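Descriptive structure summary
Residue-level listing of the chains:
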Amino acid sequence: MFYYLFKRILYAVPVLLGVTFAVFLIISLIPGDPATAILGSYATPENIENLNRQLGLDKPFFQRYLKWVVNILQGDFGTSYSLNRPVIDEVVERFQATLILSGSSFLICSIIGIFFGIISSALQYSFFDKIITFSVILGISIPSFFLGMMMILLFTVELKLLPASGMYSLYGGGDLIDLLKHLIMPSTALAIVSTGVVVRLSRSIMLEILRLDFIRTARSKGLKEYRVIFIHAFRLAIVSILPILGLQAGFVLSGAVYIEIVFQWPGVGRMLVDSILTRDIMLVQGGVLFVALCYVIFNIVVDFLQLILDPRIREE
Amino acid sequence: MKLKKILSHIFIVSVALIGFLGLISSPVKSNTPSDVLVVGQIAEPKSLDPATVTAVNDFRILMNMYDGLVRYKDGTLEVEPALAKSWTISDDGKTYTFSLRTGISFHDGSKFDANAVKFNFDRMLDKNHPYHNTGPFPLSFFFSAIENVEVVSDNSVRFTLNAPYAPFLSNLAYPTGLIASPEAIKNNGSDFGRNPVGTGAFKFNSWKANEAVIVDRNDNYWDGKSGSKTIVFRPITDGNTRVAEMLSGGIDMMVEVPPISLSKFQGNDFSIAEQAGPHVWFLILNAKEGPFSNKKVRQAANYAINKEAIVKDVLEGTAAIAAGPTPPAFAWAYNNNLQPYPYNPEKAKALLNEANLSDKKLTFYVTQGGSGMLDPVAMGTAIQADLEAVGFDVEIKTFEWNAFLGEVNPGLEGKADMAEMAWMTNDPDTLPYLALRTGAWPDKGGFNSGYYSNPKVDQLLEAARSSTDQSERAKLYQEMQTIVQEDAPWVFVANWKQNAVTSNKVNNFSLQPSFFLILKDVVKQ
């Protein structure tokens, strides 16, 4: 089992290298450069050339990428061109906020998603099932940034119940309740599509399982229905639901980028967008590396949990 | 099936959830103390080191924390004394001697004197300066005319220029010329931008990434005490979110209100401030080749485009129609006799007939958005429709801003017939000198991407730059404007009126033509 885990962690290295290489390549290929972005209207060819030389951007692509990798291995994430500041400071300062946002969205989509998926499968074709299915289609179809704006209009502008932006109140806040107040709209808006996906897939997984022989056996033994569903069927279903959750973790991490912009959440999303617009390769790389690392770690955890929960995989 | 049981579970969970929501979403009460002014900015600043930044968004904070040797007089673009009490200019226009105010300290307690001034300019301009490595300094070419800076005495400093350069004083009033504390730069190096120290009306308190920059009143300010104890600059990138925060009372004022949202702020709870600034939005026409190499066709384009409709309907009144290459905000240099090209499609058609064009196909470069570009896609589409109405066949090509600059700045030759562009400058010299002279063609390092060339204009601009007499400069600029308008190297479209909204608690606020945000005298009740 530990051999398996070790292997998975080892596989993560080429994945991260591949991701960072692809991003580095794309940013280098698209037109525009940091000097043009920094100089704005004053970007004469001469000024651009001078600034690019100062920033070390006149070197060939592979040389720059290799230098970046070597520096990373030594713990040096480089300096942001446009902010003139170590990338690691910039990323670490913001990453916690992104983790809180996407983590809470992930919790919402897993708990609510699985719960309603099970209810909906247990009560197949009932009124409840139809309501849930309808809501799921609605949720999956609404773009989350649009939903976010509508929520702001309703809860902030009209009802004046929740703050529209930020993570903590600047004055008199800072506690958990304050955080939850700021968190509730962005995390709901971010979770809504994922929740829909989880409901739908866990419903269909459960439906398949509920037709299996061992469920009929359990029922005929006279077990209570909720035991049959929540204990017997669910135990098997969760093994298939886990990988879906792993995918959703990636979805909420990437969706955080635009939700953070709508709600001015102080995370890496906004930073990534800005750094792409200013072609700030170092900052893009730093942000992407952290997000990719989170995703990879999360999927290793999911695989590991599957291993624990499913004896069949363990034997393989 | 125990349907009821399951339903009752759902019921209990829902009640608990709603109760929880109710608990945490008790009505938002603003806990912000009344002497704290919260400003909604359009983005997080890149740095608070005046020598290294280029964005108006950053300038809005800097102007409240630092002073320059000179500054713009309230409500104008004319220069008045700040850290310098007075100055003399030598007859040849090459030596400026400033006499400095005494008894002024930086926020860190270190003394402001002639050495501090020299340190700031040497840091930017001298490659061998020990703190030159705290750059890069992208706008240092504002001061490229400086040959050396000498400390005459503790409170006198002398700048020697390599040639007479009239915009020098105006450039000193620009944020790149703000004076930072040498001690703080020595202590923090490149991290000075996160630990800024100046002499201004407010001193730095803290910077929380993507949340706020907070500055506190400088009680020892040389020019009187400021109206607010603390100012919080909050970056709220999304325009709609900024409007929502303003409407719900989360911020006290906001800049750059999206035109479409202005109507939400009518009424007594808010007031809207507007100020035309040194901005001009224009179309560069390729005068080297294709249809626009003919002056009549360029004039036809100016007649064909309905600028009034663009300003009123696309920009919702947040801009005025531009008449020529110089914005009216440069009141002293503006030619008041200039009338904008009227909207006259018949005249445009007649001019096109005279020009007898064989090919009326145009390639038009449009950007998706960028500094000062207002609403470039909608404006570009309206322009396309107007030009097609008089017989042109216009093909739009759209670029993201950075890529757009990469296409347009090296020149339009062989690629396009016209391109959108906008400039915000601090001196009437800057834009025409960098974008209308023959010596400013892209291959010579300038921004004349449409290859306009008129020896008379070149001569006028050179003369205006080397004269230190403002009324003489004004005459030269006014003559230049008349010629350029007639030659029509550009389609002159709009001058942006910057706007801001304040809540009714905020008093004494006005916008500046420089587009800087000066908050010293603003009082919140």
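Our structure's up above, just so we're on the same page.
Residues numbered from 1 in each chain as written. Chains lettered and ligands numbered in written order. Predicted model: local features only at pLDDT ≥ 70, side-chain atom pairs only at ≥ 80, totals over all residues. Heavy atoms only, no water.

Right, let's talk about the pattern of salt bridges for a bit. For the coordinates displayed, the defined rule picks out 35 salt bridges over all chains. Between Asp 521 of chain B and Lys 520 of chain B there is a salt bridge; the shortest N-O distance is 3.1 Å. With relative accessibility at 46%, the residue Asp 521 of chain B sits in the partly exposed group. When salt bridges that share partners are traced, they join Arg 85, Glu 90, Glu 93 and Arg 94 of chain A together with Glu 44 and Arg 194 of chain B into one network. (Salt bridge = Lys/Arg side-chain N within 4 Å of Asp/Glu carboxyl O. Buried < 20%, exposed > 50% of the residue type's maximum accessible area, 1.4 Å probe, protein only.)

All right, on to the packing of helix α1 (residues 2-29) of chain A against helix α4 (residues 61-73) of chain A then. Residues and elements named next belong to chain A. At a closest axis distance of 11 Å, the pairing of α1 and α4 adopts a crossing angle of 140 degrees. One finds that α1 runs oblique with respect to α4. Between α1 and α4 lies a crossing of right-handed hand. Across from Leu 17, Thr 20, Phe 21, Phe 24, Leu 25 and Ser 28 in α1, the residues of α4 making contact are Phe 61, Phe 62, Arg 64, Tyr 65, Trp 68 and Val 69. Each residue belonging to the contact of α1 with α4 can be placed in one class, and the counts come to nine nonpolar, two polar and one charged. (Axes fitted to C-alpha atoms, helices over the stretch in contact; angles between N-to-C directions. Helix = DSSP H or I, 4+ residues; strand = E, 2+ residues; numbered from the N terminus. Parallel < 35°, antiparallel > 145°, perpendicular 65-115°, else oblique. Left-handed = near helix turned anticlockwise from the far one by under 90°. Contact = heavy atoms within 4.5 Å. Nonpolar A, V, L, I, M, F, W, Y, C, P; charged D, E, K, R; others polar.)

Now for the nonpolar core. Residues and elements named next belong to chain B. Counting residues in hydrophobic clusters, the biggest one holds 145 residues, and the most contacted among them are Phe 98 and Phe 159. The contact partners of Phe 98, leaving out residues within four places of it in the chain, are Leu 69, Val 70, Ala 84, Ser 86, Trp 87, Asn 155, Ser 156, Val 157, Phe 159, Phe 168, Leu 169 and Leu 172. In this structure, Val 232, Ile 236, Phe 265 and Val 501 belong to the second largest nonpolar core, which totals 63 residues. (Core = buried A, V, L, I, M, F, W, Y, C linked by side-chain atoms within 4.5 Å.)

With that out of the way, let us pick up the packing of aromatic side chains. Geometry of an aromatic ring pair is reported as the spacing of the ring centres plus the angle between the planes. Residue and element names in this part refer to chain B. Here the structure, examined in full by the defined rule, presents 41 aromatic pairs over all chains. Geometrically, the ring pair formed by Tyr 303 and Tyr 341 is edge-to-face, given 5.1 Å between the ring centres and 85 degrees between the ring planes. In this pair, Tyr 303 sits in helix α7 (residues 295-304) while Tyr 341 sits in the loop between β14 (319-321) and α9 (345-355), placing the two residues 38 residues apart along the sequence. Judged by relative accessible area, which is 14%, Tyr 303 ranks as buried. When its relative accessible area of 10% is taken as the criterion, Tyr 341 is described as buried. Ring-pair connections join several aromatic residues into one group, and the members of that group are Trp 87, Tyr 96, Phe 98, Phe 121, Phe 143, Phe 159 and Phe 168. (Phe/Tyr/Trp six-rings, centres within 6.5 Å; stacked < 30°, edge-to-face > 60°.)

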